[in-house]
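The chain contents come next:
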Amino acid sequence: MLNRVRAKLDRDLHSTKYYIHRLSNRSYLPPLFPLDREIIRDIQTKGVHLTSLEKLDIASVPDLEQIANQAAHRLVFATSAQVDQKEASGCFAELDPIDLMTQYPEIFRWGLDPRILNIAENCIGLPPAYLGVSFRRSFANQRQVGTHLWHLDAEDYHVVRIIVYLNNVDLAGGAFEYIPRSHRLSYRSFKGIDSIADQQMQRVIPADKWKACPGKAGTVIIANTGQTFHHGKVSVNQERLALIYAYTSRQPKDLELAKTHCPTEKFRECLAEQLSERELSCVYDWR
Ligand SMILES: O=C(O)CCC(=O)C(=O)O
């Protein structure tokens, strides 16, 4: 009992410090281009902004889609056993992060483009930690498990996920779906429920208020997934290939979880020679 009270006090103290820090950092946030201001406005009001690689036009890695398509062959080959043998107790498989970092460093570097970091920083309200990128193959196994269940991301109070579709994704093909922030939904509405499947969500928010994000290959979804209930819709008719970038503050609520995204420790020496001071801080100054 005493331990539970202590844990709750610790959590409250951490969150109070976080929000004070966030408030005092408001005047230090980096300036944004007009298109990027629109992104932040959408994320603050709805929780999500939908765009494309073409519209974003990230200068440091203009050919992300092409590079990722090469990596897709490796991902599909490396994970074919999991799909064929129907071993997938989860809902996705990922490219080995060491393979991704060594064979396709540009995919990792895209997430460190100054404009992307500025968007993440304005969204989080604090200097960002770059948790890394995963290259994910979501199965069409029609089971609502794992990230197909509705959830808030738990790494931090504000978490930015950037999801880049690498194939055309329709409503039955595992589209990202969310509940707009205007509903002010929290876990309090799901007391006693461990897993929020569509059925449970429908009792609280009718399905016609859910917002799905189908899109062509190259669609980019930028979301505050720490504050916005979301999931990948159960895929019925096809697999989905997507890159998933993640950012938090540099004192994340769940540090161990934040660290699981990418084994960047292994690359410290080599990245120290390649990255700018700001990029290195985003990758390492919180681990
Ligand atoms: O796969 C998706 O569209 C959502 C991913 C997700 O919810 C997550 O990684 O937390």
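Residues numbered from 1 in each chain as written. Predicted model: local features only at pLDDT ≥ 70, side-chain atom pairs only at ≥ 80, totals over all residues.

> Got a sec to walk through the overall build of the protein? Specific residues and values, please.
Along its length, the protein carries 12 helices and nine strands. The C-alpha atoms of the protein give 19 Å as radius of gyration, which agrees with the globular expectation for 287 residues (19 Å, within 12%). For the protein, the spread of C-alpha atoms along the principal axes amounts to about 50 × 50 × 40 Å. Of all 287 residues assigned to the protein, the portion counted as buried reaches 37%. A separation of at least 24 residues holds for 87% of the contacts in the protein among residues at least 6 apart in sequence. (Helix = DSSP H or I, 4+ residues; strand = E, 2+ residues; numbered from the N terminus. Rg over C-alpha atoms; globule rule 2.2 N^0.38 Å. Buried ≥ 20, exposed ≤ 12 C-beta atoms within 10 Å, placed from the backbone. Contact = placed C-beta atoms within 7 Å.)

> Pulling in residues and values, what's your account of the sheet that holds strand β1 (residues 48-52)?
Within a sheet, each strand pairs with its neighbour through backbone hydrogen bonds, oriented either parallel or antiparallel. Ordered by their spatial adjacency, six strands build an open sheet running β1-β7-β4-β9-β3-β2, and the pairing between neighbours is antiparallel. Single-partner strands in this sheet number two, and they are β1 and β2 (92-94). Between one strand axis and the next, the sheet turns by 25° as a mean value, whatever way the strands run. Lying over the sheet, helix α2 (residues 34-45) contacts β1 and β7 (219-224), oriented at roughly 145° with respect to β1. Lying on the sheet, helix α4 (residues 64-78) is in contact with β3 (128-138) and β9 (240-249); it crosses β3 at an angle near 60°. (Pairing = 2+ DSSP bridges. Axes fitted to C-alpha atoms, helices over the stretch in contact; angles between N-to-C directions.)

> Which residues make up unusual backbone geometry, and what are the values?
Phi at aspartate 57 is positive, roughly 50°, even though this residue is not glycine. Within the secondary structure layout, aspartate 57 lies in the loop between α3 (53-56) and α4. What makes aspartate 57 exposed here is the crowd of 10 C-beta atoms within 10 Å.

> Could you give an account of the environment of serine 186, naming the residues involved and the relevant values?
With respect to the helices and strands, the residue serine 186 is situated in the loop between β5 (176-178) and α9 (198-204). Here the alpha-carbon distance between serine 186 and threonine 228, two residues 42 residues apart in the chain, equals 8.9 Å.

> Got a sec to walk through the nonpolar core? Specific residues and values, please.
Counting residues in each nonpolar core, the largest one holds 64 residues, and the members touching the most others are Ile107, Val164, Ile222 and Leu243. It is β9 that provides the largest number of residues to this core, a total of seven residues. Sequence-distant contacts of isoleucine 222, that is, excluding residues within four places in its chain, are made with Ile39, Ile43, His49, Thr51, Ile119, Val160 and Ile162. (Core = buried A, V, L, I, M, F, W, Y, C linked by C-beta atoms within 7 Å.)

> Could you give an account of the site of the ligand, naming the residues involved and the relevant values?
Near the ligand you find Ser138, Thr147, Asp153, Ile163, Phe176, Thr225, His230, His231, Gly232 and Ile244, and these make up its full shell. Of the residues contributing to the shell around the ligand, the split by class is three nonpolar, six polar and one charged. (Near = placed C-beta within 6 Å. Nonpolar A, V, L, I, M, F, W, Y, C, P; charged D, E, K, R; others polar.)

> Give a detailed account of the sheet that holds strand β6 (residues 211-213), specifying residues and quantitative values.
Taking strand neighbours across the sheet as the criterion, the three strands line up as β6-β5-β8 in an open arrangement whose pairing is antiparallel. Two strands lie at the open edges of the sheet, namely β6 and β8 (230-232), each paired on one side alone. Strand-to-strand twist of the sheet, defined as the mean angle between neighbouring strand axes without regard to direction, takes the value 20°. Summarising the sheet, β5 and β8 pair through three bridges and their orientation is antiparallel. Bridge pairing links phenylalanine 176 to glycine 232 in β8.

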